[in-house]
Amino acid sequence: MSQQVALITGITGQDGSYLAEQLLDKGYVVHGLIRRSSTFNTARIDHLYLDPHDPDARLFLHYGDLTDGSRLVTLLERVEPTEVYHLGAQSHVRVSFDEPEFTGDVTGLGTTRLLEALRVSKVPARFYQASSSEMFGATPPPQNENAFFYPRSPYAAAKVYSYWMVRNYREAYGLFACNGILFNHESPRRGETFVTRKITMAIARIAAGLQDVLYLGNLDARRDWGYAPEYADAMWRMLQADEPADYVVATGTSYSVGDFVRMAFEHADLDWEKHVKFDPRYLRPTEVDDLIGDATKAKDVLGWQAQTFTPELVKIMVDADRARLGA
Ligand code: NAP
Ligand code: G4F
């Protein structure tokens, strides 16, 4: 079989790190787009990296940015990937209300720049788009591939735009391009300002005597929280299918933020009511109240289904953060 070569945008993020790990295990050569920053931003993938002079090196990192379209063209021409996984984004919903224009540029137009770079470079790669359950927004659950999009944030609106650009490049130019409509997925590598990780890190710090109060916003919102490594596997499966298509990836269950708080504190033998306080700063101008994904199509076509459900995920994350602090 010819060498499989992947290009991952967002390789330094939660999902990018798991996907890179899995693709390297499968024998891929993996290239990642990283942003230049004055401090290192590669902590999640450092364990995978070998000096490029090492004959065993199969992970290569390249500077670039989703706001720089010409760079995306030169990178594709140089790397000649067989598969492109587009995970890079300004991915924080609350932040997108503060930075709507920037979020539109990176999370929305960034996708168009990459699709267009593929088209003009004529690199015949398969394309994965990190679409999101946020696109369903106010549409009542359960949500499947046929549910309406009703975005409730600048982030979600940017993802809807990207979703349709992917569909358009598939139909207009015959690109093998898939939208993975992933519901929330978490792990010990989750960004520290997303609610699950914020909770599990706070619990570890409280147990270690380093913190007393955890300030949160809306505890009533419900989410379908799965385990991130399993969702990275679903991305890969989409690009191995016979035909390009769009898939919901989810556990099919939902819990409130309050449920997550209670389960996590209980697992650490702590009383959440003594430590959790409300701060309106964490409320959003418009909220997504209830997400539950119906991943029947992913099961039928890709043979994918969730193995880890929210109660188990809570334990994995609390244990990992406590172990990190020795608490
Ligand atoms: P994440 O941890 O926030 O990672 C985002 C990645 O995008 C990081 O590598 C980040 O680089 C990179 N990035 C941000 N702006 C960029 C720019 N201008 N140019 C190039 N790269 C840029 O997100 P994640 O949780 O892994 O999610 C991966 C993708 O799936 C995102 O598109 C997200 O919107 C989408 N998604 C996530 C979920 C979820 O529950 N996790 C659900 C549905 C969809 P730095 O490390 O330098 O910041
Ligand atoms: O953890 P969150 O910030 O994730 P959110 O908004 O659901 O978005 C995540 O999942 C999406 C998939 O549906 C991705 F597309 C997106 O990139 C991101 O990964 O917030 C979850 C819920 C919200 O309802 C929020 O209002 O938690 C509520 N919440 C309550 N207190 C809080 C807080 N969220 C955060 N981040 N911080 C809080 O203090």
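Residues numbered from 1 in each chain as written. Chains lettered and ligands numbered in written order. Predicted model: local features only at pLDDT ≥ 70, side-chain atom pairs only at ≥ 80, totals over all residues. Heavy atoms only, no water.

**As for the overall build of the chain**
Okay, so step 1: Scanning the chain from terminus to terminus reveals 11 helices and 13 strands.
Okay, so step 2: For 327 residues, the compact-globule formula gives about 20 Å, and the C-alpha radius of gyration of the chain, at 20 Å, lands near that figure.
Okay, so step 3: Its C-alpha atoms put the chain at 60 × 45 × 40 Å along the principal axes.
Okay, so step 4: With 327 residues in all, the chain has 52% of them scored as buried.
Okay, so step 5: A fraction of 79% describes how many contacts in the chain between residues 6 or more apart in sequence connect residues 24 or more apart.
Okay, so step 6: On the chain, roughly 14,700 Å² of surface is accessible, and the fraction owed to carbon and sulfur atoms is 50%.
Okay, so step 7: Averaging the positions of the 34 positive and the 44 negative side-chain charges in the chain gives two centres separated by 2 Å. (Helix = DSSP H or I, 4+ residues; strand = E, 2+ residues; numbered from the N terminus. Rg over C-alpha atoms; globule rule 2.2 N^0.38 Å. Buried < 20%, exposed > 50% of the residue type's maximum accessible area, 1.4 Å probe, protein only. Contact = heavy atoms within 4.5 Å. Areas by Shrake-Rupley, 256 points an atom, 1.4 Å probe, with all protein chains shown as cover. Lys, Arg positive; Asp, Glu negative; His and termini not counted. Charge placed at Lys NZ, Arg CZ, Asp CG, Glu CD.)

**Things to note about the domain arrangement of the chain**
Okay, so step 1: Taken domain by domain, the chain holds domain 1 (5-186 + 227-249) and domain 2 (195-223 + 254-292 + 308-325).
Okay, so step 2: Of note, the centres of domain 1 and domain 2, computed from C-alpha atoms alone, are 27 Å apart.
Okay, so step 3: Residue-level contacts link 18 residues of domain 1 with 16 residues of domain 2.
Okay, so step 4: In total, about 1,600 Å² of surface goes out of reach between domain 1 and domain 2, with carbon and sulfur atoms giving 57% of it.
Okay, so step 5: Contact with domain 2 buries surface across domain 1, with Arg-152, Glu-186 and Tyr-227 losing the most and accounting together for 35% of the total.
Okay, so step 6: At the junction of domain 1 and domain 2, the tally comes to one salt bridge. (Domains from an automatic or database assignment. Buried area = accessible area lost by both parts, 1.4 Å probe. Salt bridge = Lys/Arg side-chain N within 4 Å of Asp/Glu carboxyl O.)

**Re the site of ligand 2**
Okay, so step 1: Inspection of the region around ligand 2 gives 24 residues, with Ser-132, Ser-133, Tyr-155, Arg-284 and Glu-287 positioned closest.
Okay, so step 2: Contact distances for ligand 2 include 2.9 Å between an oxygen atom and a side-chain N or O atom of Arg-190.
Okay, so step 3: Contact distances for ligand 2 include 2.8 Å between a nitrogen atom and a backbone N or O atom of Gly-217.
Okay, so step 4: Elements with a minimum of two residues in the shell around ligand 2: helix 6 (195-207) and strand 8 (214-216).
Okay, so step 5: Split into classes, the residues belonging to the shell around ligand 2 amount to 10 nonpolar, eight polar and six charged. (Near = heavy atom within 4 Å. Polar contact = N/O pair within 3.5 Å; in protein donor to acceptor, adjacent residues only side chain to side chain. Nonpolar A, V, L, I, M, F, W, Y, C, P; charged D, E, K, R; others polar.)

**Quick notes on the site of ligand 1**
Okay, so step 1: Around ligand 1 sit 24 residues in total, of which Thr-12, Arg-35, Leu-87, Ser-91 and Tyr-155 are the nearest.
Okay, so step 2: The contact in question runs from an oxygen atom of ligand 1 to an N or O atom on the side chain of Asn-41, over 3.2 Å.
Okay, so step 3: Backbone polar atom of Leu-87 to an oxygen atom of ligand 1: 2.8 Å apart, as the coordinates give it.
Okay, so step 4: Computed on the free molecule, ligand 1 has an accessible area of 900 Å², of which 89% lies beneath the protein chains in the complex.

**Let's talk about the nonpolar core**
Okay, so step 1: Ile-8, Val-30, Tyr-85, Tyr-128, Met-238 and Trp-304 are the most contacted members of the largest nonpolar core, which totals 48 residues.
Okay, so step 2: Those residues in contact with Tyr-85, other than ones at most four positions away along the chain, are Ala-6, Leu-7, Ile-8, Thr-9, Leu-19, Leu-23, Tyr-128, Met-235, Trp-236, Leu-239 and Gln-240.
Okay, so step 3: Grouped together as the second largest cluster of nonpolar side chains are 23 residues, Leu-66, Leu-75, Leu-115 and Val-123 included. (Core = buried A, V, L, I, M, F, W, Y, C linked by side-chain atoms within 4.5 Å.)

**Quick notes on the side chain of Glu-83**
Okay, so step 1: Looking at where Glu-83 falls in the secondary structure, it is placed in strand 4 (residues 83-86).
Okay, so step 2: Despite its burial, Glu-83 pairs with no opposite charge; the closest candidate is Arg-126, at 6.4 Å N-O.
Okay, so step 3: Looking at Glu-83, its side chain comes within polar contact range of the side chain of Tyr-28, at 3.0 Å.
Okay, so step 4: Beyond its immediate sequence surroundings of up to four residues, Glu-83 is in contact with Gln-4, Val-5, Ala-6, Leu-7, Tyr-28, Ala-125, Arg-126, Trp-236, Leu-239 and Gln-240.

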